[in-house]
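A structural walkthrough
These are the residues of each chain, in order.
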Amino acid sequence: MIANVPEYSFYAMGGVIGVLVVATIIQFLLPLKNPDKDYSELRQRITSWWWIIGLLFIFLAVGGNAAIVFFAFISFLALKEFISIVPTRQADRNVVFWAYLSIPFQYYWVAIGWYGMFIIFIPVYMFLLFPMRMVLKGETEGFIKAAGILHWSVMLTVFSVSHVAYLLVLPVKNELAGGVGLVLFLLFMTQFNDVSQYVWGKLFGKHKIIPKVSPNKTWEGFLGGLLTITLVAGFVAPYLTPLTQMQGFIAGILISASGFFGDVVISSVKRDLHIKDSGNLLPGHGGILDRMDSLIYTSPLFFHYIYYLHY
Amino acid sequence: MNRILKVTFVLLIVRPLALLLLGLNIRNRNKLPLKGPAIIAANHNSHLDTMVLFSLYPLSKVHKLRPIAAADYFLSNRFLAWFSLNVIGIIPISRTGASKKDDIFSDCHQALDQGDILILFPEGTRGEPERTSRLKKGIYYLVKDRNDVQIVPVVTHGLGRALPRGEALFVPFNCDVVIGDALTPVSSSSELINLLSTSYTNLLGNCLTYNKLD
């Protein structure tokens, strides 16, 4: 343990901060090389990364309930952003309030490690409860759409995201990494996948996958990212997770492929609403959903993958 | 004294509310007038409109912000009147139309003369949530004899969902605040109203929370 964080997780955090330091130095050097180009968006992006990583690492290092409350707050911001861009009926203000109330409950189940409740609370109880509340209000015009939108929002932003927090309360199987190791592995692979798919696509991108949804997504980018993440995940997994190297390779495939779909699902939502960003909480990135889109898909899938193999 | 009250209110209540419970998508923040005399002409859906505008200003400037508010509503009871006048710093105005135009505006002119930034809601009422009502002409009569005042249109969207008229339950929603270009000088009230409503329609198009399907 170093500063309350298990050894390997501590080094992983150090590595991430190292990458961020290098990126910051490059960002200072670039304008000197090309004084005419505008690097303000890159600068904003990196500054936002410092905030995200800084807050995340502080709460992970403090650990315990503080880290769980941190993820609950992320869910709150994400749900708020989602529910604000989709159409909602004025009559549903009450039930939207209930949707917010599901957050403290869901994360309480996480905090006390009640797996059975954690896994059914939103898919079963909230699924039944929201329409009940809506019926009592009595507005039938647009009922189907409203019920569907609301439950989907909570599934994406609360149920999915809470799986990241549950990784922290699983019994520790890798003493040198701890629960923090699992979270770092998932978050790092998910974000690094976004970056590598982007870079591979920029370098070799030719054949578009789904031009109607996301014109910049290419087979070359997707496959390049898949290969990169599979390899990196295989080599990192034995250090940060209970997974073997072989299982790590498969975790990489899972995270890379599902991360891609998380990204394009949220892109489709934005296309449908004719907006480019979901908010502007994170300058240079857009809203919180723009940053977490892949994570919405990777977190439950990665969770159940290791849960099946090791718990 | 009142200035301290207002700064404290903005720092401890308004800003945390705007940042955490609401969350703002701000467009063209640089177009906000930081110096008076100026008028912010905003659409009106909620009491939160004023709070959101307050949250956009540096603390050193908030005492310059003076919302023009209906006397019959905001001075209706003793506590609300004290709060509106001393903490928010409203300029009360009569909606009954009994008094003469010059008298109605005398407090506004005085505030503009000392370089204040007035917040005015040309709809005159919060009305139906998230719908813009017909704009009133008062704003034209306020500025027609002055050439030192710039009128800056501002559109907010989403606040009528967070806290609409007649509801006590606050529900968190992200909201848009879009600031427009200062209006060009006009020669008639209908011209001003046209300019303003065109500007509102354009600004509304920049809102992330405004659904074109509605």
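In this text, all values refer to a predicted model and were calculated from it rather than measured experimentally. (Residues numbered from 1 in each chain as written. Chains lettered and ligands numbered in written order. Predicted model: local features only at pLDDT ≥ 70, side-chain atom pairs only at ≥ 80, totals over all residues.)

On to the overall build of chain B. Along the backbone of chain B there are eight helices and seven strands. Expected size for 214 residues packed as a compact globule is a radius of gyration near 17 Å; at 16 Å, chain B falls within 12% of this value. Every one of the 214 residues in chain B was classed for burial, and the buried ones make up 41%. Taking contacts inside chain B between residues at least 6 apart in sequence as the whole, the part at least 24 apart equals 72%. (Helix = DSSP H or I, 4+ residues; strand = E, 2+ residues; numbered from the N terminus. Rg over C-alpha atoms; globule rule 2.2 N^0.38 Å. Buried ≥ 20, exposed ≤ 12 C-beta atoms within 10 Å, placed from the backbone. Contact = placed C-beta atoms within 7 Å.)

Helix and strand content of chain A: 10 helices and zero strands. Shown N-terminal to C-terminal, the secondary structure of chain A runs as helices and strands in the order α-α-α-α-α-α-α-α-α-α. A compact globule built from 311 residues would reach a C-alpha radius of gyration of about 19 Å, and chain A, at 20 Å, matches this within 12%. Considering only C-alpha atoms, chain A reaches an extent of 60 × 50 × 30 Å along its principal axes. Within chain A, the fraction of its 311 residues that count as buried is 44%. Sequence-distant contacts, at least 24 apart, represent 67% of the contacts inside chain A between residues at least 6 apart.

In most cases, non-glycine residues show a negative phi, while peptide bonds are predominantly trans. Unlike most non-glycine residues, His-274 of chain A shows phi in positive territory, near 60°. As for its position among the elements, His-274 of chain A is in the loop between helix 9 (245-273) and helix 10 (288-310).

Moving on: the environment of Val-264 of chain A. Residues and elements named next belong to chain A. With respect to the helices, strands and loops of the structure, Val-264 is situated in helix 9. Take Val-264: there are 19 C-beta atoms within 10 Å of it, and that puts it in the partly exposed class. Counting along the chain gives 30 residues from Val-264 to Ser-294, while the straight-line C-alpha distance between them is 8.3 Å. Contact partners of Val-264, with chain neighbours within four places excluded, come to Ile-210, Val-213, Ser-214 and Lys-217.

Taking 1.5 Å per residue as the helical rise, helix 2 (residues 40-62) of chain A with its 23 residues ought to reach 33 Å, and the 33 Å between its terminal C-alpha atoms agrees with that figure. Positive backbone phi, at 70°, marks Gly-63 of chain A, one or two positions downstream of helix 2 of chain A. (Expected span 1.5 Å × (residues − 1).)

Take the interface of chain B and chain A next. At the junction of the two partners, chain B supplies 17 residues and chain A supplies 19 residues. Residue composition of the side of chain B that touches chain A, by class: eight nonpolar, six polar and three charged. (Nonpolar A, V, L, I, M, F, W, Y, C, P; charged D, E, K, R; others polar.)

To continue, consider the confidence of the model for chain B. All names here are of chain B. For chain B, per-residue confidence averages 86 on the pLDDT scale, and residues scoring 70 or more make up 95% of the total. Looking at the elements of chain B, mean pLDDT is at its lowest for helix 5 (residues 101-113), recorded as 82, and at its highest for strand 7 (residues 175-179), recorded as 93. Two numbers describe this predicted complex: its pTM, 0.92, and its ipTM, 0.86. (pLDDT = per-residue confidence, 0-100.)

Moving on, we get to the packing of helix 7 (residues 178-204) of chain A against helix 9 of chain A. To describe two helices that pack against each other, one gives the angle between their axes and the distance between the axes. Residues and elements named next belong to chain A. One can describe the packing of helix 7 onto helix 9 by two numbers: an axis separation of 9 Å at closest approach and a directional angle of 70°. Considering the angle they form, helix 7 stands roughly perpendicular to helix 9. Between helix 7 and helix 9 the crossing geometry is right-handed. Note on element contacts: helix 9 touches helix 7 through Gly-252, Ile-255, Ser-256, Gly-259, Phe-260 and Asp-263, opposite Met-189, Thr-190, Asn-193, Asp-194 and Gln-197. Within the contact of helix 7 with helix 9, the residues separate by chemical class into three nonpolar, six polar and two charged. (Axes fitted to C-alpha atoms, helices over the stretch in contact; angles between N-to-C directions. Parallel < 35°, antiparallel > 145°, perpendicular 65-115°, else oblique. Left-handed = near helix turned anticlockwise from the far one by under 90°.)

Attention now goes to the sheet that holds strand 6 (residues 150-157) of chain B. Residues and elements named next belong to chain B. The strand order 1-7-6-2-5-3-4 describes an open sheet built from seven strands, whose pairing is mixed. Each edge of the open sheet is held by one strand with a lone partner, namely strand 1 (24-27) and strand 4 (91-93). Neighbouring strand axes in the sheet, compared pairwise and without regard to direction, differ in orientation by 25° on average. Alignment of strand 1 against strand 7, held across four bridges, turns out to be parallel. The partner of Arg-27 across the bridge, within strand 7, is Val-178. Set on the sheet, helix 8 (residues 189-204) makes contact with strand 2 (38-42), strand 6 and strand 7; between it and strand 6 the angle comes to about 40°. (Pairing = 2+ DSSP bridges.)

As a further point, take helix 10 of chain A. Under the 1.5 Å per step criterion, the end-to-end length of helix 10 of chain A is 31 Å for 23 residues, consistent within 8% with the ideal 33 Å. Along its length, helix 10 of chain A reaches its greatest deviation from straightness, about 35°, at Ser-294 of chain A. (Bend = angle between axes of the 7 residues up to and from the residue.)

All names here are of chain B. Side chains Ile-117 and Ile-119 project from strand 5 (residues 117-120) onto one buried face, and the interleaved Leu-118 and Leu-120 project onto a second face that is buried too. When strand 2 meets strand 5, the two strands line up parallel, connected through four bridges. In the strand pairing of strand 5, Ile-39 is matched with Leu-118. Note that strand 3 (residues 65-70) and strand 5 share three bridges and pair parallel. Each bridged residue has a counterpart across the sheet, and for Arg-66 the counterpart in strand 5 is Leu-118.

A few words on the nonpolar core. In this structure, Val-183 of chain A together with Ile-40 of chain B are the most contacted members of the largest nonpolar core, which totals 133 residues. It is helix 3 (residues 64-85) of chain A that contributes the most residues to this core, 12 residues altogether. The contacts of Val-183 of chain A, once residues within four sequence positions are left out, are Leu-60, Val-164, Leu-167 and Leu-168 of chain A. (Core = buried A, V, L, I, M, F, W, Y, C linked by C-beta atoms within 7 Å.)

Residue and element names in this part refer to chain A. Packing of helix 6 (residues 143-166) against helix 10 brings their axes to within 8 Å, and their N-to-C directions diverge by 50°. Relative to helix 10, helix 6 is oriented oblique. When you trace helix 6 past helix 10, the crossing you get is left-handed. Where helix 6 abuts helix 10, its residues Leu-156, Ser-160, Val-161, His-163, Val-164 and Tyr-166 lie against Ile-296, Ser-299, Pro-300 and Phe-303. By residue class, the composition of the contact of helix 6 with helix 10 is seven nonpolar, three polar and no charged.

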